[in-house]
Amino acid sequence: MIIKEILLHPCFFYQYTGLYCPGCGGTRAVLALLQGHVLQSLWYHPLVLYIAATAGWYGISHGLEKAVRGRWKTGMVFTRRYLYLGLAIVIANWIVKNLLPIFFAVRL
């Protein structure tokens with residue numbers, strides 16, 4: 001309980017501007033994902049689930065490649081598209097989270 005109170009402090013950007021920052025919801029998303037609430041984590045901040053899935057697939061694919069001693073080339077290769085997709089997720093999330101309260105009165 002104390003850890004949750006420490007980690008979930010108010011966002012300074014939100015306090016001063018009234019707008020959500022690009023990282024708002026990230027901590028809540030991690031905590032929700034660790035508790036097994038995948039959809040709630042996706043709602044809080046979709047980048048967390050994207051990173052978890054990408055890192056999971058990277059680990060599994062490289063583990064499988066090592067297990068078969070390189071006979072199958074299954075290891076995930078890093079390309080910039082993963083980075084650009086993550087950046088697009090952050091930007092889209094930031095825009096949506098700031099437009100929902102303004103146009104649809106949805107409290108986040």
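It should be emphasised that the depicted structure is a prediction, and the values quoted were computed from it without experimental measurement.

J.: Would you explain the overall build of the protein in this entry?
T.: Within the protein, the regular secondary structure consists of six helices and zero strands. Listing every helix and strand of the protein by position from the N terminus yields α-α-α-α-α-α. Rg of the C-alpha trace for the protein: 17 Å, well past the compact-globule value of 13 Å for 108 residues, more than 25% over. Overall size of the protein, expressed as C-alpha extent along the three principal axes, is 55 × 35 × 20 Å. Within the protein, the fraction of its 108 residues that count as buried is 23%. Partitioning the intrachain contacts of the protein with sequence separation of at least 6 by distance along the chain shows that 39% fall at a separation of at least 24. Accessible surface for the protein amounts to roughly 8200 Å². Of this, 71% is attributable to carbon and sulfur atoms.

J.: Explain the side chain of H45 to me, please; I cannot follow it from the model alone.
T.: Note that H45 resides in the loop between α4 (38-44) and α5 (46-67). Judged by its relative accessible area of 4%, H45 is buried. In contact with H45, other than residues within four places in its own chain, are P22, G23, C24, G25, G26, A29, V90, N93 and K97.

J.: In this structure, what is going on with the environment of G25? I would like to understand it.
T.: Relative to the helices and strands, G25 is located in the loop between α2 (12-17) and α3 (26-34). Given a relative accessible area of 10%, G25 falls into the buried group. Separated by 28 residues in sequence, G25 and A53 place their C-alpha atoms 18 Å apart. Apart from the residues within four sequence positions on either side, G25 is in contact with Y44 and H45.

J.: Looking at this model, I keep getting lost on the packing of aromatic side chains. Mind explaining?
T.: Geometrically, a pair of aromatic rings is defined through the distance of the ring centres and the angle of the planes. Summed over all chains, the structure comprises two aromatic pairs. Ring centres 4.8 Å apart and planes at 20° place the aromatic pair Y14 and Y20 in the stacked group.

J.: What should I look at first to understand helix α6 (residues 80-104) in this one?
T.: Note: α-helices contain 3.6 residues per turn, so residues at a spacing of three or four share the same orientation. Under the 1.5 Å per step criterion, the end-to-end length of α6 is 35 Å for 25 residues, consistent within 8% with the ideal 36 Å. Three or more residues of α6 are buried, namely G86, I89, V90, N93, K97, N98 and L100. The secondary structure elements touched by the buried residues of α6 are α4 and α5. Following α6 by one or two positions, A105 adopts a phi angle in the positive range, close to 55°.

J.: Mind showing me how you'd approach α5 here?
T.: Across its 22 residues, α5 extends 31 Å between first and last C-alpha, which sits within 8% of the 32 Å expected from 1.5 Å per residue. For α5, the full list of buried residues reads L47, V48, Y50, S61 and E65. Packing partners of the buried residues in α5 comprise α3, α4 and α6. The positive-phi residue at the C-terminal boundary of α5 is R69, with phi of around 55°.

Reading the values: rules and limits
- Residue indices begin from 1 for each chain and proceed along its sequence in written order.
- A pLDDT threshold of at least 70 governs which residues receive local features in this predicted model, and a stricter bar of 80 or more applies before side-chain atom pairs are shown or counted, although totals over entire chains, interfaces and linings include all residues.
- To obtain the side-chain values, all non-hydrogen atoms of the structure were used and water was disregarded.
- In this text, helices come from DSSP runs of H or I with a minimum length of four residues, and strands from runs of E with a minimum of two, each type numbered from the N-terminal end.
- Atoms counted for the radius of gyration: C-alpha only. Globule rule: 2.2 Å times the number of residues to the power 0.38.
- Buried means the residue's accessible area, taken with a 1.4 Å probe over protein chains only, is under 20% of the maximum for its type, while exposed means over 50%, and partly exposed covers the values in between.
- Contact between two residues is taken to exist if any of their heavy atoms lie within 4.5 Å; hydrogens are not considered.
- Here the accessible surface of atoms and residues is derived via Shrake-Rupley with a 1.4 Å probe, and residues count as covered only by protein chains that are part of the display.
- Aromatic rings from Phe, Tyr and Trp, with only the six-membered ring used for Trp, were paired whenever their centres fell within 6.5 Å, and each pair was classed as stacked if the ring planes differed by under 30 degrees, edge-to-face if by over 60, and tilted otherwise.
- For a helix, the expected span equals 1.5 Å multiplied by the number of residues minus one.

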